[in-house]
Amino acid sequence: MNKPTLQSLIGKRVHFIGIGGAGMSGLARISLSHGITVSGSDAKDSSVVKALQALGATISTTHAAANVDGADLVVYSTAISTSNAELMRAQELKLMTLTRAAALSILMSESKSIAVAGTHGKTTTSSMMAVALQACGADPSFAIGGTITASGSNAHRGTGEIFVAEADESDGSFIEYHPYAAIVTNVEHDHVDFFATPADVAQAFKDFAATIKAEGFLTYCADDEGAKALASTITTCALISYGVGEECDLRLDSIELEAMGSRARAIWRGKVVGFIELQVPGHHNLLNAAAVLATGLNLGFAAPELLTGLAVFRGTGRRFELKGTVHGIRVIDDYGHHPTEIDVTLKAARRFAGDGRLIVIFQPHRYSRTKAFSSQFAKVLDMADRAIVLEVYAASEKPIAGVTSRLITDAMSHGEYIPNFIEVTDSVIDSAEPQDVIITLGAGDVSSLAPIIVDGLSRRFG
């Protein structure tokens, strides 16, 4: 069966298995705006599910075969098990089933699309791109794996011609998008359950870059060895580089890193176009902003408007998100789950802490990643004054013999293995002091601890 067109789906019913997920909910939201009838299911109720129901989606909070009956198309995440009752029912009924990436490619098909890829930074960069284009009056559509703080949304159908999409490499499906332009922030080994070696990751990004339209371009970070190596293989589209090197098309200098912000001068092909001034911390975020500025300039947008958009960007959910300040103690939540991400996050957190202590509660995500990177996790977590490591969040993985969070704490100089959530929050609440920064870190349910800690601190010091 051929993949349907966007126009052919209007008035039809599309069923999303796992509709409450970050990526799937965005597709459902945009589908509804096109006049597509949306149904779906998720394992639990949530604010995301309620928001989609308010927009007209019919959603069940259990997975049941009958939920699929009457659908014209079924969309599923690759995290969904092949034994899922709804997926099996769709196959039994011989309904067309599409991965999330394939469905997103349909929604993008009538737009000039920008796909933002990279092992790290793609959610922030795609969010920055959307906000910067909004400041230019472009009103882009976007589908992002995190919530933009200013708008409170992860997806939007705009009136403009551009569609910004976060391109997730975790299962190789980002080759579905065929974008006009793409950004690659970095290329590093991750998702070791799918990519056995760094070479496998590099090949996936080459396959992705090969899908960029010939008249389009690839914006890449020349400061990252993986992205630079990727660019050296590309002959099918134009290349735009960014970084701190003299040879970059968009070069940063005069860099200033502050506790909760950052600033740098931007030089576009030898000419100073202004200063990037951010309300989010870290050198990595200046590079993300440089990717956005370079892409926007190459698309023909003006530097002042792009820089204004970057200046008002306030971050995305779970990316160094301040959850509360109590008695001078600041509580941050962050999604970082790879050693490189944790390294840049904790460096930013150290500047934010100033004279206070840095207390980290880390939850490893997936057994395969914990096994592959345990020593690297140990090294970066030792930057904290106190580092507590929870048990591994399995996601959809089965346990691997001998792999627990103790692989990390045993290699640390002062790591604490505390798997009990209540014990962790009680310990941190009781011992926190003014000026401390407490950060909950990981891609699993560790984020649920941040509001509990804020509430506990309020009761302790209230």
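Quick caveat, the model's predicted, so the values are computed rather than measured. (Residues numbered from 1 in each chain as written. Predicted model: local features only at pLDDT ≥ 70, side-chain atom pairs only at ≥ 80, totals over all residues. Heavy atoms only, no water.)

### With respect to the nonpolar core
Within soluble globular proteins, side chains that are nonpolar generally end up buried alongside one another.
Consideration 1: Among the nonpolar cores identified, the biggest contains 55 residues, and Phe16, Val184 and Leu218 are the most heavily contacted of them.
Consideration 2: The element that contributes the greatest number of residues to this core is helix H5 (residues 100-108), accounting for 7 residues.
Consideration 3: Two domains each donate at least three residues to this core, and these are domain 1 (9-99) and domain 2 (111-312).
Consideration 4: Excluding residues within four positions of it along the chain, leucine 218 makes contact with Ala182, Val184, Ile212, Leu230, Ile234, Cys237, Ala238, Leu239 and Ile240.
Consideration 5: Judged by nonpolar contacts, the second largest core, of 44 residues, contains Leu133, Ile144, Leu250 and Leu287. (Core = buried A, V, L, I, M, F, W, Y, C linked by side-chain atoms within 4.5 Å. Buried < 20%, exposed > 50% of the residue type's maximum accessible area, 1.4 Å probe, protein only. Helix = DSSP H or I, 4+ residues; strand = E, 2+ residues; numbered from the N terminus. Domains from an automatic or database assignment. Contact = heavy atoms within 4.5 Å.)

### Things to note about the pattern of salt bridges
Consideration 1: Under the counting rule described, the total for this entry stands at 20 salt bridges.
Consideration 2: We note a salt bridge from glutamate 397 to arginine 366, for which the minimum N-O separation is 4.0 Å. One end of the pair, glutamate 397, is in the loop between strand E19 (386-389) and helix H13 (406-409); the other, arginine 366, is in the loop between strand E18 (358-362) and helix H12 (367-381), and 31 residues separate them in sequence. We note that glutamate 397, like arginine 366, is buried.
Consideration 3: When salt bridges with common partners are traced through the structure, they connect Glu246, Arg251, Asp253 and Arg265 into a single cluster. (Salt bridge = Lys/Arg side-chain N within 4 Å of Asp/Glu carboxyl O.)

### A few points about the pairing of strand E15 (residues 271-278)
Consideration 1: As paired elements, strand E14 (residues 261-268) and E15 share 7 bridges and run antiparallel to each other. Bridged to isoleucine 267 within E15 is valine 272.
Consideration 2: Here E14 folds back onto E15 in antiparallel fashion, the turn holding 2 residues, of which arginine 269 has a positive phi close to 50 degrees. (Pairing = 2+ DSSP bridges.)

### Focus: the domain arrangement of the protein chain
Consideration 1: Looking at the protein chain, the domain boundaries give domain 1 (9-99), domain 2 (111-312) and domain 3 (321-461).
Consideration 2: For the domain 1 face of the interface with domain 2, the top three residues by lost area are Ala22, Arg29 and Ile30, together amounting to 47%.
Consideration 3: Summed over the shared surface of domain 1 and domain 2, the number is 0 salt bridges.
Consideration 4: Of the residues belonging to the side of domain 1 that touches domain 2, the class tally is 2 nonpolar, 5 polar and 1 charged. (Buried area = accessible area lost by both parts, 1.4 Å probe. Nonpolar A, V, L, I, M, F, W, Y, C, P; charged D, E, K, R; others polar.)

### Some thoughts on the pairing of strand E6 (residues 112-117)
Consideration 1: In terms of burial, E6 is largely enclosed, as 5 of its 6 residues are buried.
Consideration 2: Here E6 runs beside strand E9 (residues 162-166); their pairing, made up of 5 bridges, is parallel. Looking at E9, one finds that isoleucine 114 is bridged to valine 164.

### Considering the sheet that holds strand E5 (residues 96-99)
Consideration 1: In spatial order, the strands read E3-E2-E1-E4-E5; together these 5 strands make up an open sheet with parallel pairing. The two strands at the open ends of the sheet, each matched to only one other strand, are strand E3 (58-60) and E5. Averaged over all pairs of adjacent strands, the angle between strand axes in this sheet comes to 20 degrees, irrespective of strand direction.
Consideration 2: Sheet topology note: the strand E1 (residues 13-17)/strand E2 (residues 37-41) ladder contains 5 bridges and is parallel. For phenylalanine 16, the partnering residue across the bridge sits in E2 and is glycine 40.
Consideration 3: Where H5 meets the sheet, it contacts strand E4 (73-76) and E5, and its direction lies at approximately 90 degrees from that of E5. (Axes fitted to C-alpha atoms, helices over the stretch in contact; angles between N-to-C directions.)

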